[in-house]
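A structural walkthrough
Take a look at the letters that make up each chain.
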Amino acid sequence: STNSITISPPTSVLTTEDVIWDATTSSNVIITGNNVVANSPSGAWNKIAQSTQSYYPLSEPELTWQTSSTLHQMVGLSTGALCGDHTCGDYLIYTDASGNFAVYEGGVTMLGSTSGHATADVLKITMDANGLVKYYDGATLLYTSTNPADTTVQYYAHVVGHDATSYANNNV
């Protein structure tokens, strides 16, 4: 299955750019072009990658990716330091192999494990110019954050994986 991450401002500026993953901050992954593939066995949250590009909420970033119902992964927007679990991500969606998902913000569960995602679903996190963050499964709103993003700091695309498989392929 192919997972993809797209970051684009959803306003009048209709641009989409490839996510460029930072090899200097990645761990236990192989980065080829805009693809991230696990390079270690399953069983640990130690497959980590972060984009080189950063985005301010004023640019209204939108992060989308096609999920797989066979992966344990967390994808989202974060301000900096990476680690191998949900505690470092500012705004993350977690998916698991049973078709469940959850929302984490700053290490706190904001939306508990909920069933409903399927292979090829497109998950999305949006951030508007006022810092309002929303989470979607396709066009369905899953959760609206009560913790606005800091509009004065930069956010990066962030992926953390658990399984020995690919996490972010053909990122646009």
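To keep things clear, this report deals only with the structure shown in the data block.

Another point: unusual backbone geometry. Despite not being glycine, Asn 28 has its phi angle at roughly 60°, a positive value. Summarising the element assignment, Asn 28 is placed in the loop between β1 (5-7) and β2 (29-32). A positive phi angle, close to 50°, is found at Glu 60, a residue other than glycine.

A few words on the sheet that holds strand β13 (residues 156-161). The six strands lie next to each other as β4-β13-β6-β7-β8-β9, forming an open sheet whose pairing is antiparallel. Of all the strands in the sheet, just β4 (47-50) and β9 (108-115) have a single pairing partner and so form its edges. Strand after strand, the sheet turns through a mean of 15° between neighbouring axes, direction not considered. Inspection of the sheet shows β4 paired to β13 by four bridges, in the antiparallel sense. The residue of β13 that forms the bridge with Ile 48 is Val 160.

Right, let's get into the packing of aromatic side chains. This structure, assessed with the given rule, holds three aromatic pairs. On the basis of an interplanar angle of 50° and a centroid distance of 6.1 Å, the ring pair of Tyr 91 and Tyr 155 is categorised as tilted. Separated by 64 residues along the polypeptide, Tyr 91 in strand β7 (residues 91-95) and Tyr 155 in the loop between β12 (140-144) and β13 bring together distant segments of the chain. Residue Tyr 91 shares its accessibility class with Tyr 155, and that shared class is buried. When the centroid spacing of 6.5 Å and the interplanar angle of 75° are considered together, the rings of Tyr 94 and Tyr 104 count as edge-to-face. Taken as a pair, Tyr 94 in strand β7 and Tyr 104 in strand β8 (residues 100-105) lie far apart in primary sequence, 10 residues in all. Here Lys 124 stacks its cationic end above the ring of Tyr 136, 4.8 Å away from the centre of that ring.

So, about the nonpolar core. Counting residues in hydrophobic clusters, the biggest one holds 23 residues, and the most contacted among them are Ile 93 and Tyr 135. Mapped by element, the contributors of at least two residues to this core are β5 (62-66), β6 (73-78), β7, β8, β10 (122-127), β11 (133-137) and β13. Ranked by residues supplied to this core, first place goes to β10 with three residues. Membership of the second largest hydrophobic core comes to seven residues, among which are Met 74, Leu 92, Ala 102 and Tyr 104.

Calculation notes
Residues numbered from 1 in each chain as written. Predicted model: local features only at pLDDT ≥ 70, side-chain atom pairs only at ≥ 80, totals over all residues. Heavy atoms only, no water. Helix = DSSP H or I, 4+ residues; strand = E, 2+ residues; numbered from the N terminus. Pairing = 2+ DSSP bridges. Axes fitted to C-alpha atoms, helices over the stretch in contact; angles between N-to-C directions. Phe/Tyr/Trp six-rings, centres within 6.5 Å; stacked < 30°, edge-to-face > 60°. Buried < 20%, exposed > 50% of the residue type's maximum accessible area, 1.4 Å probe, protein only. Lys NZ or Arg CZ within 6 Å of the ring centre and 35° of its normal. Core = buried A, V, L, I, M, F, W, Y, C linked by side-chain atoms within 4.5 Å.

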